[in-house]
Amino acid sequence: MTQTSAEPADLDRARAKYRAERDKRLDPSRREILDLAGRGELVEDPFTEVVPRAPLRDTVDALVVGGGFGGLLAAAHLRKAGVDRIRIVEKAGDVGGVWYWNRYPGAMCDVESYVYLPMLEELGYLPRHRYSYGPEILAYARKLAAHFDLYDHALFHTAVTGLTWDAAGAKWSVRTDRDDEFEARYVVVAHGSFTSLKLPAIDGIDTFEGRLFHTSRWDYDYTGGGPDAPLTHLGDKTVGVIGTGATAVQIVAPLAASARQLRVFQRTPSTVGVRDNRETDQEWAKTLEPGWQKRRRDNFTFVTNGEKITEDLVRDGWTVFYQAMLSNRGYGDLSAEELAEQKELTDLQHMENIRSRIDSVVRDPETAEALKPYYRYQCKRPCFHDEYLPAFNRPNVQLVDTRGRGVQRITPKGVVVDGVEYPLDCLILATGFDQDSSYVDRVGFDVTGLDGTTLSRKWRDGPETFQGVMTSGFPNFFFLPPNYTQGTAAVNFVHTLEETVRHVAFLVAEFERRGVVADVTKTAEDVYVQRVVGGSGLALLGAGSFLKDCTPGRWNNEGDPDGRPRKNVNYPGTSTAYFSMLEEWRQRGDLTDLSLTPRPEANTAAGPAAPTDDVRSAR
Ligand code: NAP
């Protein structure tokens with residue numbers, strides 16, 4: 001548990017340092033990214049060969065766009081709701097989403113596997129490690145797909161190119177880039193947050209003559225090895241990595257162990273806490289009682305949402321921090337300002353611990369200093385790793401700190417920082433994903449609803465939703481909201497997906513039971529949008545001034561939290577509040593807020609069975 005021994009006098013010093021570090025990084029060019037159009041070689045699938053197939057012409061009950069955990073869970077819950085023909089359409093060569101694409105060496109999930117991997121009890125599966133590695137997670141995604149018979153109608157290496165509502169048939173007409181044209185009565189878009197690669201528009205990036213790839217398109221033909229095997233072709237190569245976010249923190253150690261030389265180009269250091277991974281304790285596993293996963297998962301979300309709980313079941317790097325922040329409640333009757341200061345002190349002590357860990361591990365004092373993050377803990381996604389920092393003690397590893405400014409230029413031979421060229425054979429972009437383009441741009445297709453209205457037009461000033469999952473004028477159409485799309489966010493994103501898809505499955509089951517087509521009323525949508533726009537934002541990330549003071553990053557709109565379109569927000573409060581709002585709405589059971597019209601007869605006859613008990617219990 002973090003000890004709060006930082007003194008109020010330390011706060012002023014820390015604030016000044018944090019501000020100076022933030023200001024160094026406030027640079028509008030941070031937002032400049034490359035257009036991926038015409039850069040097929042950087043985005044194509046290196047893992048699965050594209051198999052030619054004939055275009056499809058048929059009808060399904062539900063189309064699910066995306067085969068990551070969001071799409072798989074949506075499809076699984078629709079299956080439980082009695083929906084028969086479910087078609088997942090996925091750009092990748094298989095299910096898995098981020099875990100399909102992110103096969104980089106050392107990939108692992110930094111949320112405990114027992115709360116991250118969904119439906120463990122239902123599938124009778126226990127992860128091998130406390131924090132699962134990428135290959136196991138991908139295999140588990142496939143297991144989910146097989147368990148719910150989701151491969152039967154799935155289309156891989158296929159991108160939806162457009163959806164149009166056919167009012168007479170009460171169906172969606174679906175078009176794809178494989179010339180498919182089929183119909184679906186329901187659509188769930190489960191696009192995910194980390195789909196479009198972010199390639200920074202660094203001068204000269206197109207001129208590099210060595211091998212260049214993004215971490216989510218790892219080129220094992222070039223590097224040799226595999227996600228958990230040494231990279232055998234790198235022994236005579238100098239490799240550069242741009243970025244030091246959660247992905248880079250995981251790839252540095254395997255690269256350091258394999259490459260002749262590794263150069264890590266850093267703009268902002270991450271917080272790197274202790275990982276302490278271990279194999280699942282089989283004796284502990286024997287003690288688990290039915291319902292254990294839900295209890296543990298809910299407990300983790302409660303703790304990381306700052307809710308009051310009596311027991312922390314997970315007790316790891318995430319929960320210990322949030323528990324420490326909560327312990328401020330023991331200080332008695334403090335004013336809001338005093339409480340905020342106590343929290344800031346707790347945060348400062350936590351960051352001091354993170355920084356002193358670097359001093360105790362990294363031998364070269366200059367490198368150690370450069371690796372230290374100077375901002376409040378929640379400004380960026382925290383990382384956890386036990387081999388990242390020691391890698392900088394190796395003679396073949398060099399940290400090239402860009403002092404907040406980023407890489408200056410890329411040349412045919414390497415990377416330039418502060419006028420010095422660092423020659424490289426291979427440059428790996430650990431630069432993350434575009435989460436700022438419009439929803440329609442990120443999803444990659446437009447949706448034409450009632451009266452020819454398009455989603456791109458309706459949402460040109462930001463999303464307009466009801467509960468973050470429906471939008472008026474687009475009947476029987478659902479989406480799983482990425483961050484800042486009027487839904488919610490949490491440390492364990494899969495938990496938010498599970499709660500959201502339970503809601504969607506409830507709605508579909510109700511529409512089926514009543515034999516209706518459903519749209520959201522404009523009034524209900526307006527009320528909801530008012531509520532989220534007028535709310536206080538996501539409590540998890542703190543209020544406006546917290547984000548303003550943070551080092552630039554995606555959570556604070558690259559240093560300009562007020563510049564984010566005002567409708568690009570989350571439901572006010574925590575994900576717990578969002579889940580309760582959905583639950584209470586379901587409990588009411590009257591579906592007011594929706595406009596229901598009888599479904600054409602032909603449709604009803606083919607409709608699915610009544611909802612199963614599981615779906616009823618989701619109310
Ligand atoms: P990321 O968090 O967006 O980090 C991108 C990195 O690239 C940052 O260090 C950024 O610096 C740097 N960068 C961008 N442009 C640059 C430039 N021009 N010059 C120098 N540096 C530049 O991306 P990521 O690490 O791939 O992570 C993506 C998401 O996946 C995150 O939400 C992460 O938490 C998640 N993830 C999760 C896990 C897990 O265990 N669950 C594992 C891996 C990733 P700045 O910080 O200065 O912007």
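All values reported here derive from a predicted model rather than from experimental measurement. (Residues numbered from 1 in each chain as written. Predicted model: local features only at pLDDT ≥ 70, side-chain atom pairs only at ≥ 80, totals over all residues. Heavy atoms only, no water.)

Which residues make up the state of the cysteines, and what values go with them?
Structurally, a disulfide amounts to a covalent bond that connects the sulfur atoms of two cysteines. One pass over the structure, following the stated rule, counts 1 disulfide. At a sulfur-sulfur separation of 2.0 Å, the disulfide partner of C379 is C550. Since a negative S-S torsion denotes a left-handed disulfide, the C379-C550 link at about -75° is left-handed. With C379 in the loop between α14 (365–370) and β10 (383–384) and C550 in the loop between α20 (544–549) and α21 (575–588), this pair connects stretches of sequence that are 171 residues apart. Taking the relative accessible area as the measure of exposure, C379 reaches 6% and is therefore buried. Sulfur of C383: no disulfide; nearest cysteine sulfur belongs to C109 and is 12 Å away. (Disulfide = S-S within 2.5 Å. Helix = DSSP H or I, 4+ residues; strand = E, 2+ residues; numbered from the N terminus. Buried < 20%, exposed > 50% of the residue type's maximum accessible area, 1.4 Å probe, protein only.)

Which residues make up the site of the ligand, and what values do they have?
Taken together, the neighbourhood of the ligand is formed by 26 residues, with D110, T247, R267, T268 and R554 sitting nearest. G245 has a polar backbone atom sitting 3.3 Å from an oxygen atom of the ligand. At 3 residues, the largest contribution of residues to the shell around the ligand is made by helix α9 (residues 246–258). For the shell around the ligand, a count of residues per class yields 11 nonpolar, 9 polar and 6 charged. (Near = heavy atom within 4 Å. Polar contact = N/O pair within 3.5 Å; in protein donor to acceptor, adjacent residues only side chain to side chain. Nonpolar A, V, L, I, M, F, W, Y, C, P; charged D, E, K, R; others polar.)

Give a detailed account of the sheet that holds strand β14 (residues 420–423), specifying residues and quantitative values.
Each strand in a sheet pairs with another by means of backbone hydrogen bonds, the pair being arranged parallel or else antiparallel. Read from one edge of the open sheet, 3 strands run β12-β13-β14, paired in antiparallel fashion. Bordering the open sheet on either side are β12 (409–410) and β14, each of which pairs with just one other strand. As judged from the 4 bridges shared by strand β13 (residues 414–417) and β14, these two strands associate in the antiparallel manner. Bridge assignment links V416 to a residue of β14, and that residue is E421. (Pairing = 2+ DSSP bridges.)

For the packing of helix α11 (residues 292–304) against helix α12 (residues 317–326), give the residues involved together with the corresponding values.
Contact pair α11 / α12: the axes reach a minimum separation of 8 Å and the direction vectors enclose 45°. One way to sum up the angle between α11 and α12 is to call them oblique. Residues F300, V303 and T304 of α11 form the contact with α12, whose participating residues are W318, T319, Y322 and Q323. Per-class residue counts for the contact of α11 with α12 are 4 nonpolar, 3 polar and no charged. (Axes fitted to C-alpha atoms, helices over the stretch in contact; angles between N-to-C directions. Parallel < 35°, antiparallel > 145°, perpendicular 65-115°, else oblique. Contact = heavy atoms within 4.5 Å.)

Describe the nonpolar core, listing the residues and the values that go with them.
Counting 88 residues, the largest nonpolar core has F69, L72, Y116, F478, F511 and L594 as the members making the most contacts within it. Per element, the largest residue contribution to this core is 8 residues, and it comes from helix α18 (residues 493–514). Other than its neighbours up to four places away in sequence, F511 contacts Y186, N476, F478, V516, A518, L591, L594, L596 and R599. Of all hydrophobic cores here, the second largest spans 35 residues; its members include A256, A259, I358 and C426. (Core = buried A, V, L, I, M, F, W, Y, C linked by side-chain atoms within 4.5 Å.)

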